[in-house]
Amino acid sequence: MPQADFTSHVAQQDELTKKEDNELALEPVATRSETAVGEIEETRNGQFHRSFSPRQIHIISLGSNIGSGVFIATGKALATGGPGNMLIAYTMVCTCVWAVLQSLSEMTIAFPVSGNYIDYTDRWVDPALAFGAGFAEWLGWTAIVAAEAGFFNVLVQYWAEGSIPLPATISIFLVACLVIFILPNKVFAWFEYVTSLIKIVIFLIIIVLSLALVLGAGPTGSIHHGDTWTSLPPFLNGFSGFANCALLAVWAVGDQVFIGIMGGEAESPRFSMAHATKLVPFRVNFIYIISVVFITILVPSDDSRLLGGSGVAASPFIIAVQDSGIPGIPSLLNAGMICGVLAIAAEAVYLSSRILRTMAHQKLIWEGLAAVDDRGRPRLALIITSLVAVVLGYIQIAAGGLTVLNWLISITSASFFTNWIIISFVNWRFHRTLEAQKDPLFTEVYAWKSTLWPLAPALLMLISIFLLVCCIFLGIKPPGATGFTATNFFQYMLGILIIFSFTFGYKVIYRTPWRDPKTADCTTGRRPLATEEIAMLDHYYRQPSWRRFLTYVQLW
């Protein structure tokens, strides 16, 4: 079924919401009572609007996380780890994307609540773990806003050549990023939609151009035969080189929780999340693995520009273009990157505010932060998140932009893979809870279950623990370091220490209970499919395979 047809069907959801109350009156008394209690619990602080259409989630899923990580950080990974370490590390981390979305989606489709796995951690594991994970996730994504502000300054200076002061570029960036949240959520959805389209087009240009450069395009270009792999060592700096590539890959790929959070405000979570779970891993692996292969062929790991340049000047793509003598491409990429960092920063504000709101809604912190206004915005959570992002952004002015940027990247990367460990464990507890309560969730019509479960959570746990080892190793011995320093150790370990210390402290202070699978909450936020939505899915899955495939590749 074409995406446009499905979207038109989903537009009927407003009418379905009105019909649900009438359908509820026909249900057995016991079921009606439980559902009513769950609905009251979910909406007691206001209710998010389902502002994301399947088409928007489709495009945003294609374009999310394409930004500074793939265009700039890949150069640092190549210089510190070499082509061999880089390819293996990025492949390993990209595998986690499939595992994260498989583990997260089966919970999100059944319980499409905004705030996502923080809510699930509270209800199926322990409120203390939800608090520690939530705070780390909130801080990590808030730090991304400040980090992207730093990247924005670098990108602008590529044209301005220092004529615009750092405070001015950061101020412009923060205003442009935050003003979007004064408007209704649908404006944010369309902003992410349009910027994702721009990023997709820019990246497709880069892929085609990279292939042309490998084949010798350009006035001064030459055919590349893979000499960068044979004339130089493919593995640099031993295990620390590999570990550094792995953490840079985590930063570039992102934790993909953004897709799950959008599922909590999607018009049709069953379609949108199942669609994204197949689409996003393919998109991530295609983008990053193809990029890494081209980078390792086009640019030698000992090129001084990888570490000596700044912004797009240090991008391996730009280095390859400059060597081939093709004009105009650096400015085109720079413009696309500016759109990318604005979009990612807006994603970060959106996600971190929803995380903060969920923690308040679960009464892990002051509940006043959970209030949602009549436009579907968690106003206080947005204000606090924005203020912290602004403070972190301006700290770069006083403390030195590059130093602060490195700390922000390290905090974010550590919080990402640590929360992957939590997601895999929460998914396992989710299944334990369903088994203990003999819940028929996975036998219901169009129920969605992780492929080959428990492969996804088990693989995610294994790789994430290995990433934890990488982080600890880098804290002790980073690439090129002469010895151990406390500053370096805390730079790499701060995100991990935050989760463990905040979880332990919350547990000790509040003596939170470990959730019993037999009594854990499987009611609040649960969204069974309505009759009309089942009919839509029937119609969609009756279409030929090639028609359904088109919904994954179309850009409209």
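Residues numbered from 1 in each chain as written. Predicted model: local features only at pLDDT ≥ 70, side-chain atom pairs only at ≥ 80, totals over all residues. Heavy atoms only, no water.

Naming follows an unreviewed UniProt entry, where the protein appears as Amino acid permease/ SLC12A domain-containing protein of Penicillium brevicompactum. In its Subcellular location (unreviewed entry) section, the UniProt entry covering the protein states "Membrane". (UniProt positions renumbered as here; feature names shortened; annotations may be inferred.)

Undergrad: An account of the pattern of salt bridges is requested, with residue identities and associated values reported.
TA: Considering all chains together, one arrives at 10 salt bridges under this definition. Two residues, Asp119 and Arg123, come together in a salt bridge whose shortest N-O distance is 2.7 Å. Of this pair, Asp119 and Arg123 are both found in helix α6 (residues 117-124), 4 residues apart, which corresponds to roughly one turn of the helix. Through salt bridges with shared partners, a single network forms among Asp303, Arg305 and Asp323. (Salt bridge = Lys/Arg side-chain N within 4 Å of Asp/Glu carboxyl O. Helix = DSSP H or I, 4+ residues; strand = E, 2+ residues; numbered from the N terminus.)

Undergrad: Describe unusual backbone geometry, with residues and values.
TA: With an omega dihedral of 10°, the bond running from Trp453 to Pro454 counts as a cis peptide bond. Summarising the element assignment, Pro454 is placed in the loop between α18 (401-436) and α19 (455-476). The phi dihedral of Leu452 falls on the positive side, at around 55°, and the residue is not glycine. Looking at the secondary structure, you find Leu452 in the loop between α18 and α19. Unlike most non-glycine residues, Arg511 shows phi in positive territory, near 50°.

Undergrad: Give a description of the nonpolar core that names residues and reports values.
TA: Counting residues in hydrophobic clusters, the biggest one holds 151 residues, and the most contacted among them are Phe71, Tyr90, Tyr117, Trp124, Tyr288, Trp420 and Leu467. The element best represented in this core is helix α5 (residues 68-110), accounting for 22 residues. The contacts of Tyr90, once residues within four sequence positions are left out, are Gly69, Ala73, Thr74, Ala77, Cys245, Leu248, Ala249, Ala252, Tyr288, Ile289 and Val292. (Core = buried A, V, L, I, M, F, W, Y, C linked by side-chain atoms within 4.5 Å. Buried < 20%, exposed > 50% of the residue type's maximum accessible area, 1.4 Å probe, protein only. Contact = heavy atoms within 4.5 Å.)

Undergrad: Hey, could you go over the environment of Pro127 for me, with residue numbers and the actual values?
TA: Mapped onto the elements, Pro127 comes out in helix α7 (residues 127-160). The spatial distance from the C-alpha of Pro127 to the C-alpha of Pro513 is 7.4 Å, given a sequence separation of 386 residues. Pro127 has contacts with Asp122, Leu364, Tyr506, Thr512, Pro513 and Arg515, leaving out every residue within four places of it along the chain.

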